[in-house]
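# Coordinate analysis (summary)
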Protein chains: 6
Amino acid sequence: MTRPAIREEAAVPAFIRREQFLAAGDDPNAQVVLMGAPLDVTTSFRPGTRFGPARIRAVSDGLEEFSPVLDRELADVPFYDAGDMDLAPGRVRESLSAIEEAVAAAVGRGQLPVVLGGEHLLTLGAVRGVLRHVPDLAVIQFDAHADLRDDYLGEKLSHATVMRRVAELIGPGRLYQLGIRSGTADEFRFGSAQTNFYPLPLGGTMAELAERAAAAVGSRPVYITLDIDVVDPGFAPGTGTPEPGGVTPGQLLQAVYALSELNVVGIDLVEVCPPQDVSDVTSVLAAKIVREALLCFGAR
Amino acid sequence: MTRPAIREEAAVPAFIRREQFLAAGDDPNAQVVLMGAPLDVTTSFRPGTRFGPARIRAVSDGLEEFSPVLDRELADVPFYDAGDMDLAPGRVRESLSAIEEAVAAAVGRGQLPVVLGGEHLLTLGAVRGVLRHVPDLAVIQFDAHADLRDDYLGEKLSHATVMRRVAELIGPGRLYQLGIRSGTADEFRFGSAQTNFYPLPLGGTMAELAERAAAAVGSRPVYITLDIDVVDPGFAPGTGTPEPGGVTPGQLLQAVYALSELNVVGIDLVEVCPPQDVSDVTSVLAAKIVREALLCFGAR
Amino acid sequence: MTRPAIREEAAVPAFIRREQFLAAGDDPNAQVVLMGAPLDVTTSFRPGTRFGPARIRAVSDGLEEFSPVLDRELADVPFYDAGDMDLAPGRVRESLSAIEEAVAAAVGRGQLPVVLGGEHLLTLGAVRGVLRHVPDLAVIQFDAHADLRDDYLGEKLSHATVMRRVAELIGPGRLYQLGIRSGTADEFRFGSAQTNFYPLPLGGTMAELAERAAAAVGSRPVYITLDIDVVDPGFAPGTGTPEPGGVTPGQLLQAVYALSELNVVGIDLVEVCPPQDVSDVTSVLAAKIVREALLCFGAR
Amino acid sequence: MTRPAIREEAAVPAFIRREQFLAAGDDPNAQVVLMGAPLDVTTSFRPGTRFGPARIRAVSDGLEEFSPVLDRELADVPFYDAGDMDLAPGRVRESLSAIEEAVAAAVGRGQLPVVLGGEHLLTLGAVRGVLRHVPDLAVIQFDAHADLRDDYLGEKLSHATVMRRVAELIGPGRLYQLGIRSGTADEFRFGSAQTNFYPLPLGGTMAELAERAAAAVGSRPVYITLDIDVVDPGFAPGTGTPEPGGVTPGQLLQAVYALSELNVVGIDLVEVCPPQDVSDVTSVLAAKIVREALLCFGAR
Amino acid sequence: MTRPAIREEAAVPAFIRREQFLAAGDDPNAQVVLMGAPLDVTTSFRPGTRFGPARIRAVSDGLEEFSPVLDRELADVPFYDAGDMDLAPGRVRESLSAIEEAVAAAVGRGQLPVVLGGEHLLTLGAVRGVLRHVPDLAVIQFDAHADLRDDYLGEKLSHATVMRRVAELIGPGRLYQLGIRSGTADEFRFGSAQTNFYPLPLGGTMAELAERAAAAVGSRPVYITLDIDVVDPGFAPGTGTPEPGGVTPGQLLQAVYALSELNVVGIDLVEVCPPQDVSDVTSVLAAKIVREALLCFGAR
Amino acid sequence: MTRPAIREEAAVPAFIRREQFLAAGDDPNAQVVLMGAPLDVTTSFRPGTRFGPARIRAVSDGLEEFSPVLDRELADVPFYDAGDMDLAPGRVRESLSAIEEAVAAAVGRGQLPVVLGGEHLLTLGAVRGVLRHVPDLAVIQFDAHADLRDDYLGEKLSHATVMRRVAELIGPGRLYQLGIRSGTADEFRFGSAQTNFYPLPLGGTMAELAERAAAAVGSRPVYITLDIDVVDPGFAPGTGTPEPGGVTPGQLLQAVYALSELNVVGIDLVEVCPPQDVSDVTSVLAAKIVREALLCFGAR
């Protein structure tokens, strides 16, 4: 029996050019594993990041597989789209454990996990997962906000405290914060003292910051967390806590390219909030960043 | 010193015609107390009810204070707008306790609490608060969904289980469910067996259902919970879980009027989700229902 | 190797409660086969129906599997979601042939095809496919527009001519047009003379029209085509050619139930145009109609 | 020189099927004259009615010229689209005078003026224009709001006072107000005492109200003013002051048909506010009402 | 009586971190006074600036109180939010007088008035108010448009003429116009001859323009008026007359910092039009500019 | 008969300041002819460019006629707005022929045709039209995408293949592609080998690319095609296939100015897709580019 007119796999919104990646999808042990973590619990301002992973995949279909800048295409990077994790609404601790398990399993299999968020708190779960297999980890954070509060309205686990928790986890001097332009006075004090804190310079560029961080990290294994709000709300309105005065998409991509020689062992892209997006510009930007990250860090 | 050109109080978006109610606001012991409960944690589909109370107040300014149907105006009902409760994102149990305390305090002072949601789970906290002072309580629910699951993805406290919890709390036969048109087979079985279950009839009207419920409740004290999704999504798109095939705003208002003789001791209006709304039609409808409820049940 | 925290299948937006239907999906010979036909070429006013099938599936997740009116649930109807057909943009004839093949294959296997559109022209392809295996076919059309033009700007194949072509195909007196409220004078003349033409009565209901059509069709095999614009734009704004003055969702559902005893051999639901939708109300309505149609006509 | 591929006239968004009406447009003395009055000054809540006339014309292209209910088409009604008046922003009195002049000129030429708004205050200018040539005028108003305030924040000329001014102008007992469901207690008292005041009945229909008004008006010349907000915001969200609980488009159209025997000498349709509209449903509804009004009242 | 669970003040959308500023609000004589002037009358293109002050306050809650660039926080600047002025729709002259009174009163008390618009015409009222107490005033204008017309459609008071009126008021050579990129040939001629006219250079930056203006102004008292449309519509779509080709938010903020040593005696931020905004990006940007302006100019 | 209050021509949305251009419109042989080509057939991702010409004209009314950069105004450039071509939905070849005819007729009359799209495929028709009268033509393309596929899903005529077809038509080395940042590896290979291929440099500017192209083209006649998606989606979200990482509006305008000395014989601006636009920012940007292009290239 043949049904030539129907593409059965077409309903699967895997990442860009789906036909290909369903084939790739046959190998759950592929070099790179993409997974969605639709965590959306502690957001204090505008919720909706739970829809991020699905929307990023859906709009990725409008992009090409080929990167002219990297001169490489997705066919060169065997990867597997593991779908979204099943996170019960309102259950923070269970969700973080689930993320930790999934990421640890991938790293244990020798894969590079690329996690699509979801709110920023998921980074805590993912870093825990990486740490099970990778000691001596550095973390590079692209973000508008420091996320260094000790607690937020009394809660230790929050999108506003997540990098404080991560800093505690990986140890002093291991966190690199790039492009920060918002926080409390306390957070800026803590950042200056305890992390490698590179606020967005008024005249400088993100790529320079990334180059400095890359030089400092050296050959150490590194986890990259990218909060989409590092980009100006004019280019990325679909996020929970927009902060005017950010970088352009081009500047951010250049900063990503500046990290291309690092030993990257995990990646996430967080805080894409489709209900706040307009004409999908934020989701499409996120999809392009993920494609470039796959081609940059997955092609070993 | 006089500054006649500036209405200092104008920034306060109290409910309809603010000048008047800020004056009324001077008396926290007024007959009716309006309070916002921006709970928005367990929503499984489309979040955003946390913005409900603020938006309902903001758009209420486009309505008149006078109800032609009831021939009564807000000036006749002394009420106090207590503002919104401070509920930490992600903390369900603490939030329910806060709602319980606020409602209990109001009832203890002899006031009629009118709670603006927020997700439906808040009704559990509010009913607990009323029960501290009022035994033998009946609850009338206007809703598209039964909300009678025993648990939702393993969680006992959820917008999908709330009326099961309320039913357990007030005891058998005390819950009246009006207009239900969605649920699992289990919920419909439980509803038919354990509650006074009035599904939306294909040919009938909500007002008839309300009249039957009013007759059954009689003089017993009653709490009314109104989930805005009982109205068809064409009129109330701004809600978390839209269910096609609902009633019109006019039919719902008639059903509310049909309860006007009851001994109402608490009211809530829940599940208004402004980020999903279009042109504020859902918020304006909610504001009008609240006005009519105030004039119906607060004017004693 | 186990990865318990990741639901791999979760990325597949099959129709409602996906876990279950991916299991069902294992059997491509299931009793009912759902397929998307994202045809979007001849639309003259507002394009975008190509996104209909994907959006209807996506929002269907907010609905229950159980229908209280029919007292039946999706688990009782084995069905298979075949995904979307691959239709090249701008190629009308090839697309119609692809639809014809897919529908004919399903009918040939003894399945009930349920086609999600896409623009109304797809019905021509689908009816051709059914006719290969089923002689003596009647067609029942729910629609705001007659779609009976002989040509549209010189083109014989168009969303505005489709039912004229279908009428020619199935022969005189075999087309039942329900709820029509818009067309040229010529179309109304043709309809009155050549089809069973039931315009929307000012005071009557769709259910009455459906009952009359059902009585006239009797035991003959019947194909049902449902253009979502039969519903008023207030409830279904997401469509290409909105026509004010339509029926309510409740009235349409009642009309569908009125056909429940017919021998239905094919179904389509067309003209859902997500880019014009607001807060997904049209897509959610379409999803509910599809669920009820599956439970009504697929449960044999 | 021929340029067959270019429809030069196509850029003119005259009302429905433009080719034809540009031809009709050659005769400025046609039986009916359509004119836009984009007045948008005194709106207190949500501005934007200035865009009404242009948007109603633009979307009218999606409608047919033929009315199945009236069995008549636009080709039978010679009319001229005079375009929009040039009204300086912020200048109320000058604008009302301009409207008065334009309407008076049309009536003086024996034409039926059909004015597209714009805010409701324009009715005062239009009625003044009609009164110059037509004594003994009655006015029928379809509206959610009474618009009978004596002043609004001290201002005598406002969308909230317009029908009070009109009532003063045409004399006692000449104003028929249909479907009113909002106003102050004062307005309702004034209405009950001074106008023919037909509030929207909870159980009744607009058509009944219109029939009663038609019987009372008899053969007297009548001006019809239709505020789109008489329709429920679910169907007509694009308006300045949405008032939940209104009629359906079908009910309103039936009410218009109920006036078909009257001696109508002027018509306006006001308060369409495109920036608040969603998916153009309000503008399309307005366009259909205008078409039906042209066919009803212009075909003599 | 205690009601610990309810933050009564929460309903007040004062500017950022409201608890604190309601306390500050107790002192109407604070160093800085924030006031809203929702003037929205003469806008010729897209209205809606009346909603600007309320929306800017509402979204300000998503920002921090601390400015990393200025290393200062709002707690250091005692200020009072006086709410919105009560301006009757359609009454230009009365509204300008009210604004003048409010601003003059603040300046007379030694306060720095910060006015949130509202359309640009309000600057005329505000400058009049400042001039009552401060002679020898300079005005610095950030704007896409020159606003130097002598009249607009015959009207002398308009958003398109406002800076011509201001220039007449403060005297020759006292107006500094920064970043202008739109106007008639006449306006550019007038600007070049009569004002300090610094059009946006193709290759230069706003900060350079601001530095030049700051040097020229010296120690003279200065009023700053900031029309949000100086920013490119990509970052600030929510405005009445978008003009492509503007500056970035970062460039504008740098220009504001370049004025930090000036003797600023009044500030306004105008033309934020929330109904045209998308995902609140314009309002959030305005809120951040106001925060930086408060910290820059209010901390003496 | 005079009707001074009605601007009859006002309904015509000709390009900016309509009164003037209707006068200019009296001369169909004016130096420049503007025409709309609402082709919208082969778009594979997000349709809607058919609405581009009408929306660009409509919003152009918010712009001035004067360009400060060029120090020239529209009154200096006699032009005629020929309206939109009548292109039957779904008929690609007929539409391309119609575009070819219209453009050839204009060029034959010695006019400069400026075509508003519509999808990019229209450029093939327009270039064919120019080639009938102008040999030795060069084409300069501003675009995010190479559009150099040989076929797209088997179709030779598509928005994704259009520049390949154009390159074949005008001969080797005659196509200049500026700012390309997306394509398949094959397209980039073809571009590098067969066209003058100037990808967007990470650090460079569009103006530099345009200067290089201008130098290479020299005095040869040139057709300019401008795909709005060359601009970053943050500034131009209203397009079919948004590609993050583009230029700013200012950078694009500078690149246009860099071509001002060329012998331009035809221009198009394509891929503006209003249904995907937000707050009209893309349409306004397109209108400004068209104005600058008219002033740059039409003023001979």
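As a reminder, the structure under discussion sits directly above these lines.
The written sequence of each chain sets the order in which its residues are numbered from 1. Each chain gets a letter, beginning with A, and each ligand a number, beginning with 1, in the order they are written. Totals for whole chains, interfaces and linings use all residues, but because this is a predicted model, local features are given only for residues with pLDDT of at least 70 and pairs of side-chain atoms are given and counted only at 80 or more. To obtain the side-chain values, all non-hydrogen atoms of the structure were used and water was disregarded.

### A few points about the overall build of chain A
- Secondary structure summary: chain A contains 9 helices and 10 strands in total.
- Put simply, chain A has 300 residues, and 70% of those count as buried.
- We call two residues in contact when some of their heavy atoms are within 4.5 Å. Sequence separation of 24 or more characterises 78% of the internal contacts of chain A that already satisfy a separation of 6 or more.
- All accessible areas in this document rest on Shrake-Rupley with a 1.4 Å probe, and a residue is counted as covered only by the protein chains that are shown. Only carbon and sulfur atoms are counted for the fraction: they give 48% of the accessible area of chain A, which is about 8700 Å². Elements are defined by DSSP. Helices are runs of H or I of four residues or more, strands are runs of E of two residues or more, and each kind is numbered from the N terminus. Categorising residues by exposure relies on relative accessible area from a 1.4 Å probe, with only protein chains included: less than 20% of the type maximum marks a residue as buried, more than 50% marks it as exposed, and the intermediate range marks it as partly exposed.

### Describing the pattern of salt bridges
- Salt bridges are identified by distance alone: a Lys or Arg side-chain nitrogen within 4 Å of an Asp or Glu carboxyl oxygen. Overall, the coordinates contain 113 salt bridges over all chains when judged by the stated rule.
- Here glutamate 187 of chain C and arginine 149 of chain C are joined by a salt bridge, their closest N and O atoms 3.5 Å apart. Remark: arginine 149 of chain C occurs in the loop between β6 (138-142) and α5 (162-170) and glutamate 187 of chain C occurs in helix α6 (residues 185-194); sequence separation between them is 38 residues.
- Here aspartate 84 of chain E and arginine 57 of chain E are joined by a salt bridge, their closest N and O atoms 2.9 Å apart. You can see aspartate 84 of chain E sitting in strand β4 (residues 79-84) and its partner arginine 57 of chain E sitting in helix α2 (residues 52-60), a full 27 residues away along the chain.
- A residue is classified by how much of its surface remains accessible, and aspartate 84 of chain E, at 13% relative accessible area, is buried.
- Given the relative accessible area of 2%, arginine 57 of chain E is considered buried.
- Several salt bridges converge on common partners, so that one network encompasses Arg91 and Glu94 of chain A together with Arg93 and Glu155 of chain B.

### Some points on the side chain of glutamine 111 of chain E
Residue and element names in this part refer to chain E.
- Here glutamine 111 lies in the loop between α3 (92-108) and β5 (112-117).
- What qualifies as a polar contact is a pair of N or O atoms within 3.5 Å, subject to a donor-acceptor requirement within protein and to the restriction that residues adjacent in sequence count only when both atoms come from side chains. Separated by 2.9 Å, the side chains of glutamine 111 and arginine 109 make a polar contact.
- Leave out the neighbours within four places in its chain, and glutamine 111 touches Pro28, Asn29, Ala30, Gln31, Val33 and Ala106.

### Points about the environment of glycine 90 of chain D
- Mapped onto the secondary structure, glycine 90 of chain D falls in the loop between β4 (79-84) and α3 (92-108).
- With relative accessibility at 18%, the residue glycine 90 of chain D sits in the buried group.
- Along the sequence, glycine 90 of chain D and serine 219 of chain D sit 129 residues apart, while their C-alpha atoms lie 39 Å from each other.
- In contact with glycine 90 of chain D, other than residues within four places in its own chain, are Val41 of chain D together with Val41 and Gly90 of chain E.

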